[in-house]
Amino acid sequence: MNPIQYWNDIDLRLEKLIKEGHVKLPSLNSFNLSAISENINKEMNGKTFSELSKSHKAFLKELDLEQYLTPKLYEIAFKLFDYKGELSNQYHIARCVEPGNIKEHFRAHFDSHLFTLVLPLKIPLAQKGGTIGDLIYFPNARGRPKNEFSNLLGKITYKKYASKKGLDFLALNHEKIIDDFQDYCPLLFMGNTTLHTNMQVSPDCSSYRLTLLAHFFDPSPKYGVGGLLRSLRSR
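In what follows, the accompanying structure is described.

## A word on the side chain of T194
Looking at the secondary structure, you find T194 in the loop between β7 (187-190) and β8 (195-198). At 2.7 Å, the side chain of T194 and the backbone oxygen of M190 are in polar contact. Non-local contacts of T194, meaning those with residues more than four positions away in its chain, are made with G21, H109, F110, Y137, F138, P139, N140 and F189.

## Side note on the packing of helix α2 (residues 10-20) against helix α6 (residues 70-80)
Here α2 crosses α6 at 40°, and the two axes come no closer than 11 Å. Two packed elements cross with a definite hand, and for α2 against α6 that hand is right-handed. Contacts between α2 and α6 involve I10, D11, L14, L17 and I18 on the former and, on the latter, K72, L73, I76 and L80. Taken together, the residues of the contact of α2 with α6 break down into seven nonpolar, no polar and two charged.

## Describing the state of the cysteines
Enumeration over the complete set of coordinates arrives at zero disulfides. Considering cysteine sulfurs only, C205 is the nearest to C96, which forms no disulfide, with 12 Å between them. Owing to a relative accessible area of 4%, C96 belongs among the buried residues under this scheme. Looking at C185, it has no disulfide partner, and the nearest cysteine sulfur is the one in C205, 20 Å off. Classification of C185 by relative accessible area gives buried; the value is 15%.

## Re helix α3 (residues 33-44)
Over its 12 residues, α3 runs 16 Å from end to end, which matches the ideal 16 Å to within 8%, given 1.5 Å per residue. Along α3, the residues classified as buried are L33, I36, S37, I40 and M44. All buried residues of α3 lie within an arc of 95° about the axis, which places them on one face of the element. Counted as exposed and oriented over 90 degrees from the buried face of α3: S34 and K42. Looking at the buried side of α3, the elements it contacts are β2 (49-51), α4 (54-63), β3 (90-97), β4 (115-122) and β9 (209-216).

The rules behind these values
- Residues numbered from 1 in each chain as written.
- Predicted model: local features only at pLDDT ≥ 70, side-chain atom pairs only at ≥ 80, totals over all residues.
- Heavy atoms only, no water.
- Helix = DSSP H or I, 4+ residues; strand = E, 2+ residues; numbered from the N terminus.
- Polar contact = N/O pair within 3.5 Å; in protein donor to acceptor, adjacent residues only side chain to side chain.
- Contact = heavy atoms within 4.5 Å.
- Axes fitted to C-alpha atoms, helices over the stretch in contact; angles between N-to-C directions.
- Left-handed = near helix turned anticlockwise from the far one by under 90°.
- Nonpolar A, V, L, I, M, F, W, Y, C, P; charged D, E, K, R; others polar.
- Disulfide = S-S within 2.5 Å.
- Buried < 20%, exposed > 50% of the residue type's maximum accessible area, 1.4 Å probe, protein only.
- Expected span 1.5 Å × (residues − 1).
- Arc of directions from axis to C-beta.

Here you go:
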């Protein structure tokens, strides 16, 4: 698909993002997702997380993210959220979860960045009763952190919901949304106010689950909690 066509209604979608804290983007089905996901998976070499490999970078260029989305998010961050950082303050990572992985589910957290984009590249199928790593998210679960201390405190406080039981309890008083991404429509949400996590990729799933995560504009100091966690992950 021509990137101009893909992004032709992005302004309307961003209005919804500002109003509701999340918005879906058009499906990626017109891209050759099979080849793209295979190339990225090979470059990940068995890792669960990998930061901006060659094929990952090539897909973002094909999507023309830097021209059609990033500058608009930067303008929103600058005008509405008093963001004073650089346009280049981004973190792009691929997440590949194999069937039966027992670690990568119900790890509920807030991102440190203002915006998070989930790009689904390979979504498996499961037998009846299985789960395919569905994303569970709670828009506007907390207010926007005023400083690094409130950011850290919120991250710690909400860790009590990092289980199925905890998420069910939180859902009693907060909007809960589950997205299986079988439509291959990316999700853009407010990263540092949306609590989010994933269900398990069941052992009976047909393949691995691959998503690209794009994080935009961390207002925290360079050596804040978000930067520290990213540093530990990259080791």
